[in-house]
Amino acid sequence: QVQLVESGGGLVQAGGSLRLSCAASGSFSINTMGWYHQAPGKQREYVASITSGGSTNYAESVTGRFTISRDNAKRTVYLQMNSLKPEDTSVYYCYADHIAVSIKYWGQGTRVTVSS
């Protein structure tokens with residue numbers, strides 16, 4: 001059974017930092033991993049991604065503030081979030097792409113709240 005478990009969300013003041021983690025388990029080979037976020041009443045939006053080879057990509061809104069990384073041995077992806085803003089408040093979902101077929105697995109989400 002495939003499972004992605006996120007951790008690290010919470011409440012932080014504007015300008016602060018949080019580090020999200022997402023560990024994948026189950027019998028599948030992973031290609032790209034990454035993060036989306038979804039604010040109340042809005043669509044899920046892309047945040048960042050990282051390939052199995054370490055190539056990264058970021059949404060313009062987080063470039064320079066967030067850093068994505070992964071540990072392939074631990075099948076874990078991280079999102080270091082610095083200089084947080086109130087508009088970063090959202091539920092953050094990690095995902096993992098199956099390496100062979102077009103399947104995207106999702107975590108359950110972790111809430112990030114940034115107070116002003």
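Residues numbered from 1 in each chain as written. Predicted model: local features only at pLDDT ≥ 70, side-chain atom pairs only at ≥ 80, totals over all residues. Heavy atoms only, no water.

Trainee: Got a minute to help me understand the state of the cysteines in this structure?
Mentor: Each disulfide consists of a covalent bond between the sulfur atoms of two cysteine residues. Under the definition given, this model contains one disulfide. Note on cysteine connectivity: C22 is disulfide-linked to C94, with sulfurs 1.9 Å apart. The disulfide joining C22 to C94 has a torsion of about 45° about its S-S bond and is therefore right-handed. With a gap of 72 residues between them, C22 in strand β3 (residues 18–25) and C94 in strand β9 (residues 90–98) connect regions that are remote in the sequence. Each member of the pair, C22 together with C94, is buried. (Disulfide = S-S within 2.5 Å. Helix = DSSP H or I, 4+ residues; strand = E, 2+ residues; numbered from the N terminus. Buried < 20%, exposed > 50% of the residue type's maximum accessible area, 1.4 Å probe, protein only.)

Trainee: Sorry if this is basic, but what is going on with the pairing of strand β4 (residues 30–38) here?
Mentor: Each regular strand shows side chains that alternate between the opposite faces of the sheet. The sheet contact formed by β4 and β9 spans seven bridges and is antiparallel. Bridge pairing in β9 links Q38 to V91. With five bridges joining them, β4 and strand β5 (residues 45–50) adopt antiparallel strand pairing. Among the inter-strand pairings, Y36 is bridged to a residue of β5, identified as Y46. Following β4, the chain reverses through six residues before pairing antiparallel with β5; G41 in that reversal takes a positive phi of roughly 75°. (Pairing = 2+ DSSP bridges.)

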